[in-house]
Amino acid sequence: MADALKFHPYNRAAGGWGALRASLRSMRQEGILTEGTALLLRSNQAEGFDCPGCAWPDPDVHSTFEFCENGVKAVAAEATNRRVTRDFFASHTVSDLAGHDDYWLEEQGRLTEPMAYDAASDHYRPIGWEEAFTRVARHLRTLDSPDRAIFYTSGRTSNEAAFLYQLFVRQFGTNNLPDCSNMCHEPTSVGMPDSIGIGKGTVTLEDFDHTHLVLMFGHNPGTNHPRMLGTLRDVVKRGGRILAFNPLKERGLQRFVHPQNPAEMLSGQGTQLASHIYQPRLGGDYALVLGIARAILEQGTIDEEFIAAHTHGFAAFAELARNTAWSQLESESGLSRTELEEIGRIYDTSPASIITWGMGITQHPHAVDTIHMLLNLLFLKGNMGRPGAGAAPIRGHSNVQGDRTMGIWERPPERFLDRLEEVFGFSPPRAPGYDVVAAVGALERGDAKVFFGMGGNFANAAPDTARTHRALQEAELTVLVTTKLNRSHVVHGKDALILPCIGRTEVDLQNGHAQGITVEDSMSMVHISQGIRPPASAQLRSEVSIVAGLAQAVLPDSRIPWQDLAADYDRIRDLIAQVVPGFEDFNARVHRARGFHLDLPPRRRVWPTANGRANFLARPLAEVVATQYSPELPERSYRLMTVRSHDQYNTTIYGFEDRYRGVSGARNVCFIHPDDLAEAGFAKEDQVDIISHWHDGERRARGFVLLPYDIPRGCLAGYYPELNVLVPLDSHAERARTPTSKFIVVTLRRPADV
Ligand SMILES: Nc1nc2c(c(=O)[nH]1)N[C@H]1C(S)=C(S)[C@@H](COP(=O)(O)OP(=O)(O)OC[C@H]3O[C@@H](n4cnc5c(=O)[nH]c(N)nc54)[C@H](O)[C@@H]3O)O[C@H]1N2
Ligand SMILES: Nc1nc2c(c(=O)[nH]1)N[C@H]1C(S)=C(S)[C@@H](COP(=O)(O)OP(=O)(O)OC[C@H]3O[C@@H](n4cnc5c(=O)[nH]c(N)nc54)[C@H](O)[C@@H]3O)O[C@H]1N2
Ligand SMILES: [Mo]
C-alpha cells in the first residue's frame, strides 16, 4: 500500500548501495531471498534465461552476472512464492477485485489455473484447458467475419510463440494483430525504413567500445535499461563523451556507481556519465536536432564523400536547415543558439558517434519526423556503417523486436504473407488489421467482438482509460494469457477467460523435454533462453502450447500439425527458417553459445530503400510544429508527459519508491517548474485536478500533488498508467499512430473549481 507522500531530492549517484538494497528488498518481499541469488546468477547467461526486464543486449563476456536492480525486480515479480488460487477467486467477486488498485492486484501473486467468468455470480470459476479452448472457439465461430476478433500481443512473448500465434490468427483469417509496439517504438519502425530501408537499430553492443560520442535522446537508462549504465560507464572510462537530451535531469544520466565494482561501491564516487544534460521543452527535439544540423552546416565539416556516394536529398535538407530562423529553432527547442552551436561543435569533432532514443522521442505527434531528423544528423557526418557509429533505438519489452520479426504486425509486408502462403498453402488475409488505437475504436463501435491478449495489460496500457475500459466491456469475450492478475482481468467482456502461462524463468517441459525459446534484443542478436525454475503451478501451460491448443479447437480442418509443433520447439524454428529472411538454418545457429546477429544491410552501407540510398528527409519546422495540438485555452496550459517511476514495469507497480527522483510513498504526483507553480498561484504539495484538452472535450485526472522540480517552463510530468486517462484516443503520432503519451495539453484546477 502507498504510505504518505515523501519528497526529498536525491543527490547521490545511480546504482550503488541503493540499488543493492532495493534488489534485496524486492526478493524478500516476494519470499525468494535465498533462491533469488541463484536465479540471478543464471539470468542473461549463455545457458540461462533472458531477463524478462528490458531489451538491452547481453555482453559477450561475463564476470559473474549482469547485475541490475530493475532486472532483479522483474525476475522476483515472476518468481514470487505468492499464488492466486481458485479459493482466492471464490472469495472475491470480480467487482470486488476491480475495487482494488493495480499494486494490490499484482501483489496477489502468480495465476495458477485457467478461469472463466461466471456472470450469474460475478466470479471467476475454474475451467479445464480443453473446455476453455472450446469456449473461445465457440465465440470465434459465431463471428460473421474473422475481422471481428482482435489478437493483441505484449512484448515478452517468445519468437516461437509469436510465430505460431500469428500463423494461427492469419489462418483464422485476420491481420488484427495490434501489439505494444503500437504504443512504443512504432514511429521508429515507420520512420527508419524511409531513411535507411530497415526499421531496426544499426549498432551492436561492440560499437559502444569504439564510439567517441553518444547522443542520448529521451530515455531514462537508470530506471528502464539499467544494464546500459555499465556500457555508458565504459564509454566514459575509455575517454568517450556522452551528451543527454531530456527535459528531466534523470539521475541515471548523471553519475553511476557500479554495484559490482567494490572500489566504486566503497568510495561512492562512481563515474560521471553525461558531461552535459540539455533540457529541451517537451516535443522540442525536432527543432533541437535541426538546430545542431544548421550549426554543422554553417561552421563544421560534413562527410561529403558519404553524402555523395550514399545519400539522396542533401541539397534540399541543407537549404531547409539554413532557412530555418535561429529564433524559431530556439523557441521551439527550448535551447539557445549558443547551446545548439556548442553541441554542433562537439558532434562535428567526434570521429564516430551513436544516437540513442526512447519514448521521449516516439510518443509525440511528430515522432516520425524527429526520427528522420536524428538520422539526417547521423548522415551529415557519415555516422552509419562503420565501427562506433549508428542509430540505436532503445526498445522496451525484452522481445518486442523479435515479435515484429515473427510477424506480429497489423500491416505485414506483402513478401511475408507470400512466404506464409507458399510454405503453408493457405491464403493469408491481405487487408491491414487494427492497431491499438483502431482496436479500441472497433470494440467501441461493436465492429470487433472478441479481444484476445497474448500477455500485457491492454486495459491500462492503452490511452484514454475511460474509453478503453468501456470498449473492453462492450466485447462479447475477452481472453488474457497472463502470468499475474491485472486490470485487464477485472475490466472484462461479457464473457471472459484467464489462461495462465509459465514465464521466462520457468522450465518449459513438453513431452518430457525441456524446451528453449528464443528472443531478439534491441540490437538484433537472436539467442536462446532456457527457464530453470519449476513452474509456479502444475496447471500452467506455455504460450506455445496455449496457441496450439487454441488453434486446434478453432481450426479443426487446419493441416498445420499444431500439437507436433508444440511438442518440440525445434520444429517451429524449422518453419521460421523457411518463412523469415535471416533465420535460415535457425536451429543450428541459435544453439551456438551466444546465438547470432541478424544481417542489417545499412551496417554494410547497403540501403534497402525504394531508391537504394540513404534519404535525408525533412519538413519545414512550422509544418512539423503544427502537428501538435494547440487549442485556445481560457487559462494557463502546459505540456504533460507520462513517464515510468523507478518502481514499476509498465502497468505493473512494484512499489512506491521513485528513488532517483526523490519521490516515495505515493504515485499521484505532478512535477512542475517552481516558477510555474508560483505564477499559477499554487504552493508546493497543493492538490490539483489535471484536465486534458482535445477537440472532443476535456478529460480529468483527480487529486494530484504538485511537486516543484527541475523541468522546463510550461512542461509537466507524472506517472503512467495513472495519467493514461488524460491521453485522448485520437491524439497519436502522424503515420505511426502511437498515442502521444509525452505530449498532452493540460490545465490545472483546484479540485473545488469543477
Ligand atoms: N524497470 C523498467 N524497465 C523498463 C520498463 C519499465 O516500465 N520499468 N519499460 C520497458 C518499456 S516497454 C520501454 S518502451 C522502455 C521505456 O524506457 P524510456 O524510453 O526510458 O521510457 P519513459 O520512462 O517513458 O521515459 C522517457 C524519458 O523521456 C523523457 N522525455 C519525455 N518527453 C521528452 C521529449 O520531448 N524530449 C526528450 N528529449 N525527452 C523526453 C522523459 O523525461 C524520460 O526520461 O523501458 C523498458 N524497460
Ligand atoms: N501513458 C502512457 N501509456 C503507455 C506508455 C507510456 O509511456 N505512457 N508506454 C507504452 C509502452 S512503451 C508499452 S510497451 C505499453 C505496454 O503495454 P503491455 O505490454 O500491454 O503492458 P505490461 O504492463 O508490460 O503488461 C504486464 C502484464 O503482462 C503479463 N505478463 C508478464 N510476463 C508475461 C509472460 O511472460 N507471458 C505472458 N503471456 N504474460 C506476461 C502480466 O500478467 C502483467 O500483468 O504501454 C504503453 N502505454
Ligand atoms: Mo515499450
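Above this note sits the structure.
Note that the structure is a prediction, hence the values are computed from the model and not measured.

S.K.: I would appreciate a short explanation of the site of ligand 2 in the present structure.
M.R.: Around ligand 2, the structure places 30 residues, and the nearest of them are Y152, S154, E543, T651 and Y720. At 2.7 Å, a side-chain N or O of S154 approaches an oxygen atom of ligand 2. Measuring from an oxygen atom of ligand 2, one finds a side-chain N or O atom of Y720 at 2.7 Å. Isolated, ligand 2 exposes 930 Å² of accessible area, and the fraction of that covered by the protein chains is 96%. Its residues assigned to classes, the shell around ligand 2 comprises 10 nonpolar, 15 polar and 5 charged. In terms of domain composition, the shell around ligand 2 takes at least three residues from each of domain 2 (83-183 + 399-593) and domain 4 (634-749).

S.K.: Where do I start with the side chain of S23 in this structure?
M.R.: Tracing the backbone shows S23 in helix 1 (residues 16-29). Its relative accessible area of 2% is what places S23 among the buried residues. Within the local environment of S23, its side chain forms a polar contact with the backbone oxygen of A19, the two atoms lying 2.6 Å apart. Ignoring any residue separated from it by four or fewer positions in sequence, one finds S23 in contact with F67, E69 and V72.

S.K.: Teacher, can you tell me more about the site of ligand 1 here?
M.R.: Ligand 1 sits among 31 residues. The nearest are N224, N246, E250, D285 and N650. In the model, a nitrogen atom of ligand 1 is placed 2.7 Å from a nitrogen or oxygen of the N224 main chain. Note that an oxygen atom of ligand 1 is positioned 2.7 Å from one of the side-chain N or O atoms of K742. When residues of the shell around ligand 1 are traced back to their parent elements, those giving at least two are helix 10 (221-224), helix 18 (359-362), strand 25 (638-643) and strand 26 (648-649). When grouped by side-chain class, the residues that make up the shell around ligand 1 number 11 nonpolar, 16 polar and 4 charged. Built from parts of two domains, the shell around ligand 1 gets at least three residues from each of domain 3 (186-395) and domain 4 (634-749).

S.K.: So what exactly am I meant to see when it comes to helix 26 (residues 543-554) here?
M.R.: An α-helix turns once every 3.6 residues. As a result, residues three or four positions apart point the same way. In a regular helix each residue adds 1.5 Å, so 12 residues correspond to 16 Å; helix 26 covers 16 Å between its end C-alpha atoms and thus fits that length. Every buried residue of helix 26 is accounted for by E543, V544, S545, I546, V547, A548, G549, L550, A551 and V554.

S.K.: How should the packing of helix 1 against helix 2 (residues 33-41) be read in this particular structure?
M.R.: A pair of packed helices is captured by two measures, namely the crossing angle of their axes and the spacing between those axes. Following both chains from N to C, one finds helix 1 and helix 2 inclined at 120°, their axes separated by 8 Å at the closest point. Compared by their axis directions, helix 1 and helix 2 come out oblique. Two packed elements cross with a definite hand, and for helix 1 against helix 2 that hand is right-handed. Residues L24, M27 and R28 of helix 1 form the contact with helix 2, whose own contacting residues are L33, G36, T37 and L40. Its residues assigned to classes, the contact of helix 1 with helix 2 comprises 4 nonpolar, 2 polar and 1 charged.

S.K.: Whenever I open this one, the environment of C54 confuses me. Can you help?
M.R.: Within the secondary structure, C54 is located in the loop between helix 2 and helix 3 (69-79). In this structure C54 comes out as buried when scored by relative accessible area, which is 10%. With sequence-adjacent residues up to four places away left out, C54 is seen in contact with N224, H225, R227, G396 and S398.

S.K.: Mind showing me how you'd approach the packing of aromatic side chains here?
M.R.: Given two aromatic rings, their pairing is described by the distance between the two centres and the angle made by the two planes. If you walk through the whole model with that rule in mind, you get 31 aromatic pairs. Their ring planes at 80° and their centres at 5.9 Å tell us that F583 and F596 sit as a pair that is edge-to-face. Of this pair, F583 sits in the loop between helix 28 (569-579) and helix 29 (586-590) while F596 is found in strand 23 (residues 596-597), placing the two residues 13 residues apart along the sequence. Considered together, F583 and F596 belong to a single accessibility category, that of buried residues. Site record: aromatic cluster; members linked through ring pairs are F306, F314, F317, F379, W607 and F616. The ring centre of Y649 lies 5.0 Å from the NZ or CZ of R156, which sits over that ring.

S.K.: Would you take a moment to explain the pattern of salt bridges for this structure?
M.R.: Pairing between side chains becomes possible if they bear opposite charge and their charged atoms approach one another. Counted according to the given criterion, the structure contains 60 salt bridges. Linking R404 and E410 is a salt bridge whose minimum nitrogen-to-oxygen distance equals 3.8 Å. R404 gets classed as buried once you look at its relative accessible area, which sits at 10%. Of the charged contacts in the structure, one is a salt bridge between R619 and E734, with a shortest N-O distance of 3.0 Å. One end of the pair, R619, is in the loop between strand 24 (614-615) and helix 30 (621-625); the other, E734, is in the loop between strand 33 (715-719) and strand 34 (744-749), with 115 residues separating them in the sequence. Taking relative accessible area as the criterion, R619 reaches 23% and is therefore assigned partly exposed. Accessibility expressed as a relative area gives 34% for E734, which makes it partly exposed. Residues participating in the shared-partner salt-bridge network are D179, E186, R404, E410, R411, D435 and R737.

S.K.: Before we go on, may I ask you to explain the environment of G549 in this structure?
M.R.: Along the chain, G549 turns up in helix 26. Taking the C-alpha atoms as reference points, G549 and F133, separated by 416 residues in sequence, lie 6.7 Å from one another. Sequence-distant contacts of G549, that is, excluding residues within four places in its chain, are made with F133 and Q563.

S.K.: Just checking my understanding: could you explain the side chain of H646 for this structure?
M.R.: Its location among the elements puts H646 in the loop between strand 25 and strand 26. Only 2.7 Å separates the side chain of H646 from the side chain of T223, close enough to count as a polar contact. Discounting residues that sit within four places of it in the chain, H646 has contacts with E69, N70, K73, G222, T223, E657, D658, R659 and Y660.

S.K.: How should the pairing of strand 25 be read in this particular structure?
M.R.: In summary, the side chains of a regular strand alternate between the two faces of the sheet. Burial analysis of strand 25 places 6 of its 6 residues in the buried class, which makes it a mostly covered element. Burial of strand 25 is two-sided: the residues Y638, L640 and T642 facing one way and the residues R639, M641 and V643 facing the other way are all buried. Two strands pair when backbone bridges link them, and strand 25 and strand 33 are joined in this way by 5 bridges, in the parallel orientation. Bridge pairing links V643 to Y719 in strand 33.

Calculation rules
Residues numbered from 1 in each chain as written. Chains lettered and ligands numbered in written order. Predicted model: local features only at pLDDT ≥ 70, side-chain atom pairs only at ≥ 80, totals over all residues. Heavy atoms only, no water. Near = heavy atom within 4 Å. Polar contact = N/O pair within 3.5 Å; in protein donor to acceptor, adjacent residues only side chain to side chain. Areas by Shrake-Rupley, 256 points an atom, 1.4 Å probe, with all protein chains shown as cover. Nonpolar A, V, L, I, M, F, W, Y, C, P; charged D, E, K, R; others polar. Domains from an automatic or database assignment. Helix = DSSP H or I, 4+ residues; strand = E, 2+ residues; numbered from the N terminus. Buried < 20%, exposed > 50% of the residue type's maximum accessible area, 1.4 Å probe, protein only. Contact = heavy atoms within 4.5 Å. Expected span 1.5 Å × (residues − 1). Axes fitted to C-alpha atoms, helices over the stretch in contact; angles between N-to-C directions. Parallel < 35°, antiparallel > 145°, perpendicular 65-115°, else oblique. Left-handed = near helix turned anticlockwise from the far one by under 90°. Phe/Tyr/Trp six-rings, centres within 6.5 Å; stacked < 30°, edge-to-face > 60°. Lys NZ or Arg CZ within 6 Å of the ring centre and 35° of its normal. Salt bridge = Lys/Arg side-chain N within 4 Å of Asp/Glu carboxyl O. Pairing = 2+ DSSP bridges.

This is a description of form; function is not addressed.
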